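Structural overview for review
Each chain, letter by letter, is given below.
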Amino acid sequence: MDQAERAGRPHAELIPLRVLHVAAELYPWVKTGGLGDVIAALPSALSAEGADVRLCLPGFSTLLDAAREHEVARLATPFAVERVRIGLVELPGVHPPAYIVDHPAFFDRPGGPYGGPDGGEFADNHRRFALLGWVAAALAAGADPAWRPAIVHAHDWHAGLAPAYLRARGGAAKSIFTVHNLAYQGFFGADIFGELALPREFFAMEGVEFYGGVSFLKAGLYYADRLTTVSSTYATEIQTPRYGMNLDGLLRARSAVLSGILNGVDPEVWRPAAGGKAPAKAALQRRFGLAEDPSAPLFGAITRLTPQKGMDLLLAALPGLTGLGAQFVLLGTGDRGLEQGFASAAGREPGRVAAELGYDEDLSRLILAGADVIAVPSRFEPCGLTQLYALRFGALPLVRRTGGLADTVVDATPETLADGTATGFAFEDESAADLLAAAARAVALYRDQAAWRRMTRRATTRDFSWQAAARQYLALYRGLIG
Ligand code: ADP
Ligand code: GLC
């Protein structure tokens, strides 16, 4: 019997590791993209591996309406005259308990998590998300006497100040910062620095300062003890000027603590309905008014319409694609010019091209189920979840070879077709011509139904498990605790 046992305490390694995940999104209540899916899946996968996980989320009304909260603290903060309530909620489903920053003046508004119904960003986002990071650091310092994390795991710029506040408090917990997308930086003018209640010396190149302003993303990258991103290839790419969004220098300087951990797929959430491809394809063609032709290869895309996603390349390749006998459906929203471009393309080729401009979870599943190919021609892609869902639904991904797309899709070549490892189609250049050449390879292969079936069978059995990701994060946590 050792000393700990004699004192009635378990071995240190038997005490579950307490980890607080700080983020702005949680599917199905708050989601603008893949971040919401990750926060819905990773924390519970960590719990399943034995960690003691809790979430820290902004008090959006959708979350507050989903469960009853009980108050654990009322904190005097630098951001409001009144105290800020911290509630603890048990959300329906397998989610770990969540601390909710219940401050209606900041979070109970019409619109999305980051901006109003008109599409513009909220003018006080720096205060809203500074409060989120500040509360995470306060929890690490013991704001809830019943539960205190050893690790704070912050996601994307919205939580980027958590590691800075932790440092300012003298390191109440170790921190990990995960980059889901380097393109969203939480960049504000220098004048807001005074509102953040950080030590004055943090406004420096060795700190939160970035090109004369304040970057929440850089705060996370600079102050966190460990950095991760959501695929190995993206972890390498962001250390180069082409993909580094002006942060590649800092990322190279911190490369010793930076690693890539691939996202997973929750097989319960992304489960194709029984019945197979043919009826789903017919239903999809009907829903979008496409010719009900089972033999036309049906390409689909489900995406935010931003420069990242490369949908301008696809729009340019569209006449060539339909020229090959293919059909195309888009579900997407964002850039007005692209929305118009796809709407006009649909008008020009009714029965062959269709577009639904909006955000619709059910429709996204219909497209995954019915399409033969899902196009993800991104200029950069930290991980990408759409191609992983497509694989599960037996829709073969057509991707640009970058980031997580490069790590998860095996291009169909004579070799990979022969050894049975092919799962999709990849192209290299950011060009419509390269995209179209890969699409033409897909169409040609589609005409060989035996080969196509082999590939889709392979695709649907690929395993991107959250358990594998959770184990890698746990190893990182353990390394930090020592
Ligand atoms: P990102 O987070 O960069 O948008 P991901 O591929 O990681 O890219 O995740 C996107 C998520 O958002 C997926 O779950 C995808 O199905 C979903 N999605 C994107 N656009 C739409 C849309 N218009 N309607 C429904 N779901 C969408
Ligand atoms: C970001 C990235 C996407 C990734 C998602 C979840 O939104 O753009 O590639 O899959 O985060 O990590």
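Up top you'll find the structure we're talking about.
Read on for a plain summary of the structure.

What counts and what doesn't
Residues numbered from 1 in each chain as written. Chains lettered and ligands numbered in written order. Predicted model: local features only at pLDDT ≥ 70, side-chain atom pairs only at ≥ 80, totals over all residues. Heavy atoms only, no water. Near = heavy atom within 4 Å. Polar contact = N/O pair within 3.5 Å; in protein donor to acceptor, adjacent residues only side chain to side chain. Areas by Shrake-Rupley, 256 points an atom, 1.4 Å probe, with all protein chains shown as cover. Nonpolar A, V, L, I, M, F, W, Y, C, P; charged D, E, K, R; others polar. Buried < 20%, exposed > 50% of the residue type's maximum accessible area, 1.4 Å probe, protein only. Helix = DSSP H or I, 4+ residues; strand = E, 2+ residues; numbered from the N terminus. Right-handed = clockwise from strand over helix to strand, strands pointing away. Pairing = 2+ DSSP bridges. Core = buried A, V, L, I, M, F, W, Y, C linked by side-chain atoms within 4.5 Å. Contact = heavy atoms within 4.5 Å. Axes fitted to C-alpha atoms, helices over the stretch in contact; angles between N-to-C directions. Expected span 1.5 Å × (residues − 1). Bend = angle between axes of the 7 residues up to and from the residue. Parallel < 35°, antiparallel > 145°, perpendicular 65-115°, else oblique. Left-handed = near helix turned anticlockwise from the far one by under 90°.

On to the site of ligand 1, then. Neighbouring ligand 1 are 20 residues, the closest being Gly34, Arg304, Lys309, Gly358 and Leu385. Arg304 is positioned such that a nitrogen or oxygen atom in its side chain is 2.7 Å from an oxygen atom of ligand 1. Contact between ligand 1 and Thr386: an oxygen atom at 3.0 Å from a side-chain N or O atom of the residue. For ligand 1, whose unbound accessible area comes to 560 Å², protein coverage reaches 93%. Here the shell around ligand 1 is built from residues that sort into five nonpolar, nine polar and six charged.

For the rest of this paragraph, the subject is the pairing of strand β7 (residues 174-179). Taking burial as the measure, the six residues of β7 include five buried ones, the bulk of the element. At this point the chain moves from strand β6 (residues 151-155), through helix α6 (residues 161-168), to the parallel β7, and the crossover so formed is right-handed. Where β7 and strand β11 (residues 226-229) come together, four bridges link them in parallel fashion. Across the sheet, Ile176 pairs through a bridge with Arg226, a residue of β11.

Here the focus is the site of ligand 2. The local shell around ligand 2 holds 13 residues, among which His180, Asn263, Glu381, Cys383 and Gly384 are the closest. Contacts to ligand 2 include His180, whose side-chain N or O atom sits 2.7 Å from an oxygen atom. Side-chain polar atom of Asn181 to an oxygen atom of ligand 2: 3.2 Å apart, as the coordinates give it. Taken together, the residues of the shell around ligand 2 sort by class into six nonpolar, six polar and one charged.

Once that is clear, we can look at the environment of Glu349. When you line up the elements, Glu349 lands in the loop between α12 (336-348) and β15 (353-357). Sequence separation between Glu349 and Thr322 is 27 residues; the distance between their C-alpha atoms is 8.7 Å.

A few words on the nonpolar core. Core analysis: the largest hydrophobic core is formed by 85 residues, its most contacted members being Phe299, Phe328 and Leu398. It is helix α19 (residues 466-481) that contributes the most residues to this core, eight residues altogether. Excluding residues that lie within four positions of it along the chain, Phe328 makes contacts with Leu290, Leu298, Phe299, Gly300, Ala301, Met311, Leu314, Leu318, Phe342, Arg352, Val353 and Ala354. Ala73, Leu132, Val135 and Leu161 belong to the second-largest nonpolar core, a separate cluster that totals 83 residues.

Another aspect to go through is the sheet that holds strand β1 (residues 18-22). Backbone-to-backbone hydrogen bonds pair the strands of a sheet. The strands run either parallel or antiparallel. As summarised here, the arrangement of the nine strands in space is β3-β4-β5-β2-β1-β6-β7-β11-β12, forming an open sheet in which the pairing is mixed. If you trace the sheet from one side to the other, it starts and ends with β3 (69-75) and β12 (258-260), each paired once. Each strand of the sheet is rotated relative to its neighbour by a mean of 25°, with strand direction disregarded. Here five bridges tie β6 to β7, and the two strands are oriented parallel to one another.

Looking now at helix α11 (residues 311-323). Over its 13 residues, α11 extends 18 Å from the first C-alpha to the last, a length consistent with the 18 Å expected when each residue adds 1.5 Å. If you look at α11, its biggest bend is around 50°, right at Ala317, and the proline Pro319 turns up within four residues after that. Looking at the buried side of α11, the elements it contacts are β13 (298-305), β14 (327-334), α12, β15, β16 (373-376) and α17 (432-446). Just downstream of α11, Gly325 is the residue with a positive phi angle, here 95°.

Bringing unusual backbone geometry into the picture now. Residues Tyr27 and Pro28 are joined by a peptide bond in cis, for which omega reads 5°. Residue placement: Pro28 occurs in the loop between β1 and α2 (34-48). Phi at Tyr211 takes a positive value of approximately 45°, unusual for a residue other than glycine. Mapping Tyr211 onto the fold places it in the loop between β9 (209-210) and β10 (213-215). For Tyr211, a relative accessible area of 61% puts it in the exposed group.

What follows covers the sheet that holds β10. The three strands are arranged β8-β10-β9 in an open sheet whose pairing can be described as antiparallel. If you trace the sheet from one side to the other, it starts and ends with β8 (187-188) and β9, each paired once. Taken together, the two bridges between β8 and β10 define a ladder with antiparallel strand orientation. Each bridged residue has a counterpart across the sheet, and for Phe187 the counterpart in β10 is Ser215. Contacts between helix α7 (residues 216-223) and the sheet are confined to β8, β9 and β10, with β10 contributing the most and set at about 60° to the helix.

With that settled, the discussion passes to the pairing of strand β4 (residues 84-89). With five of six residues buried, β4 is to be regarded as a mostly interior element. With six bridges joining them, β3 and β4 adopt antiparallel strand pairing. Bridge pairing in β4 places Glu71 opposite Gly87. When β4 meets strand β5 (residues 98-102), the two strands line up antiparallel, connected through five bridges. Residue pairing across strands places Gly87 opposite Ile100, the latter belonging to β5.

Helix α13 (residues 361-370) packs onto helix α10 (residues 277-287) with a crossing angle of 130° between their chain directions and a minimal axis gap of 7 Å. Between α10 and α13, the crossing angle belongs to the class labelled oblique. As α10 packs across α13, the resulting crossing turns out to be left-handed. Of the residues in α13, those touching α10 at Lys277, Ala280, Lys281, Ala283, Leu284 and Arg287 are Leu363, Leu366, Ile367, Leu368, Ala369 and Gly370. Along the lines of polarity and charge, the residues of the contact of α10 with α13 split into eight nonpolar, one polar and three charged.

The analysis is restricted to geometry; functional conclusions fall outside its scope.
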